[in-house]
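A look at the structure
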Amino acid sequence: MGRGKIEIKRIENASNRQVTFSKRKQGILKKAKEISVLCDSQVSLILFSSAGKLYEYCSPSSSLKDVLTRYQKSSGKKLWDARHEYLSTELDRIRKENENMQIELRHFMGEDLSSLTVQELRALEDSLQIGFDSVHIKQTECLNNDIQILKKNERILEEENRQLKYILHQQEQSALRELRDIDLGSNKKGKGYPSQSGVQPFGFRVQPIQPNLQQNK
C-alpha cells in the first residue's frame, strides 16, 4: 500500500512547521551538494527560515557572486545596477588593501619575514630607518619645545622673585623709617621736660682712702 499524497500548504502548527523545515532543509542542501558533485554543475542555494536565519550552499569550484553574475548575463536580468557594481568593486579593492596593510604591519613588527626576498628585506629596512629617523626628529622637536617652555617658566619665576625681593626691601625700609621716627620722638620728649625732683644736678669728687704719699715725704 503506497503513501498517500501530502497536500502542499502552509503548516499552521508552529512546532510542526519548524520540524518540517529542519528536515527538508537538510534534504535540499544534500541534494544541491550531490548534483554539484555528480554532474559537475554550478549550484548556488540561498535559504532563509521564517525567523530570518540564512542557510546557503555554493559549489566548491565557484562562488555566489560568480553564479549570480552568470545568471545575470544568461537571463538578461539586472540583479544590481552600475552603482552597486561600483560599490562592490570598491569594497573588494578596500578589502585587498586592508589585507596588504595587515601583511606590511606584520613585516614591520618582524613577523612572517621568511617569505620576503633580499630586495624586499632591504626595502623594509629602508622603510624602518626612515620611520626611525622621523620618530627621532619628532622626539627632538618635542624635547626642544619642552626645554623652551621650562626656560620661559624659569624666566617668569625669576621675574616674580625679583618683584618679591623689591617689595620685601621696600617693606624693610619702611619699617626702619618708622623705628627711627619713634626713637626721635622719644628723645625730643625727654629733653623738653625738667627733672621731677626740682633739684639741680650737682657734682662730687671721691677722696682717696690712702694718704698722699708726697706729703709724707
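Here the structure is a predicted model, which is why all the values come from computation and not from measurement.

1. Quick notes on the overall build of the chain
A count of helices and strands for the chain gives 5 helices and 2 strands. Listed by position from the N terminus, the elements making up the chain come as α-β-β-α-α-α-α. Here the chain holds 217 residues, and 7% of them are scored as buried. Taking as baseline every contact in the chain between residues at least 6 positions apart, the subset at least 24 positions apart corresponds to 17%.

2. Some points on the nonpolar core
Judged by nonpolar contacts, Leu29, Ala32, Val43, Leu45 and Tyr57 together constitute the single largest core of 5 residues. If we ignore the near neighbours within four places in the chain, the residues touching Ala32 are Val43, Leu45 and Tyr57.

3. Examining unusual backbone geometry
Residues other than glycine seldom take positive phi values, yet Asp40 does so here, at roughly 50 degrees. For Asp40, the location among the structural elements is in the loop between helix 1 (14–38) and strand 1 (44–48).

4. Considerations on the packing of aromatic side chains
Here the distance between the centres and the angle between the planes together describe a pair of aromatic rings. The full count for this structure, using the stated rule, is 1 aromatic pair. On the basis of an interplanar angle of 55 degrees and a centroid distance of 6.0 Å, the ring pair of Phe21 and Tyr55 is categorised as tilted. A residue pair is termed long-range when its members are at least 10 positions apart, and Phe21 in helix 1 and Tyr55 in strand 2 (residues 54–58) qualify at 34 residues. Exposure remark for Phe21: the relative accessible area of 22% places this residue in the partly exposed category.

5. Some words on the pairing of strand 1
Where strand 1 meets strand 2, 5 bridges bridge the pair, whose relative direction is antiparallel. Within strand 2, the residue paired with Ile46 across the bridge is Glu56. The antiparallel hairpin formed by strand 1 and strand 2 contains 5 residues in its connecting segment, where Gly52 sits at a positive phi of about 90 degrees.

6. Describing the pattern of salt bridges
Tallied over the full model, the rule gives 6 salt bridges. One salt bridge in this structure joins Glu12 and Arg10, with 3.2 Å as the shortest N-O distance. Since its relative accessible area comes to 62%, Glu12 is described here as exposed. Of the charged contacts, one joins Glu97 and Arg93 as a salt bridge, the two residues approaching to 2.6 Å between their closest N and O atoms. Placement of the pair is Glu97 and Arg93 together in helix 3 (residues 82–108), with a separation of 4 residues, close to one helical turn.

7. Thoughts on the side chain of Ser36
Mapped onto the elements of the fold, Ser36 is located in helix 1. Side chain to side chain, Ser36 and Ser59 meet in a polar contact 3.0 Å long. Setting aside anything within four residues of it in sequence, one finds Ser36 in contact with Ser41, Val43, Tyr57, Ser59 and Pro60.

8. Notes on the confidence of the model for the chain
Interpreting fine coordinate detail is not advised for predicted regions of low pLDDT. With 83% of its residues at a pLDDT of at least 70, the chain reaches an overall mean of 81. Predicted confidence is poor over residues 193–204, with pLDDT under 50, and the contacts of this stretch with residues over four places away or in other chains come to 0 contacts.

9. A look at helix 1
Counted at 1.5 Å a residue, the expected span for helix 1 with its 25 residues is 36 Å, and the 36 Å between its end C-alpha atoms agrees. Those residues of helix 1 not exposed but buried are Lys25, Leu29, Ala32 and Ser36. Each element contacted by the buried residues of helix 1 is listed here: strand 1 and strand 2. N-capping of helix 1 is provided by Asn13, with a side-chain oxygen placed 3.0 Å from the backbone N of Ser15. Just downstream of helix 1 lies Asp40, where phi reads positive at about 50 degrees.

Criteria and cut-off values
Residues numbered from 1 in each chain as written. Predicted model: local features only at pLDDT ≥ 70, side-chain atom pairs only at ≥ 80, totals over all residues. Heavy atoms only, no water. Helix = DSSP H or I, 4+ residues; strand = E, 2+ residues; numbered from the N terminus. Buried < 20%, exposed > 50% of the residue type's maximum accessible area, 1.4 Å probe, protein only. Contact = heavy atoms within 4.5 Å. Core = buried A, V, L, I, M, F, W, Y, C linked by side-chain atoms within 4.5 Å. Phe/Tyr/Trp six-rings, centres within 6.5 Å; stacked < 30°, edge-to-face > 60°. Pairing = 2+ DSSP bridges. Salt bridge = Lys/Arg side-chain N within 4 Å of Asp/Glu carboxyl O. Polar contact = N/O pair within 3.5 Å; in protein donor to acceptor, adjacent residues only side chain to side chain. pLDDT = per-residue confidence, 0-100. Expected span 1.5 Å × (residues − 1).

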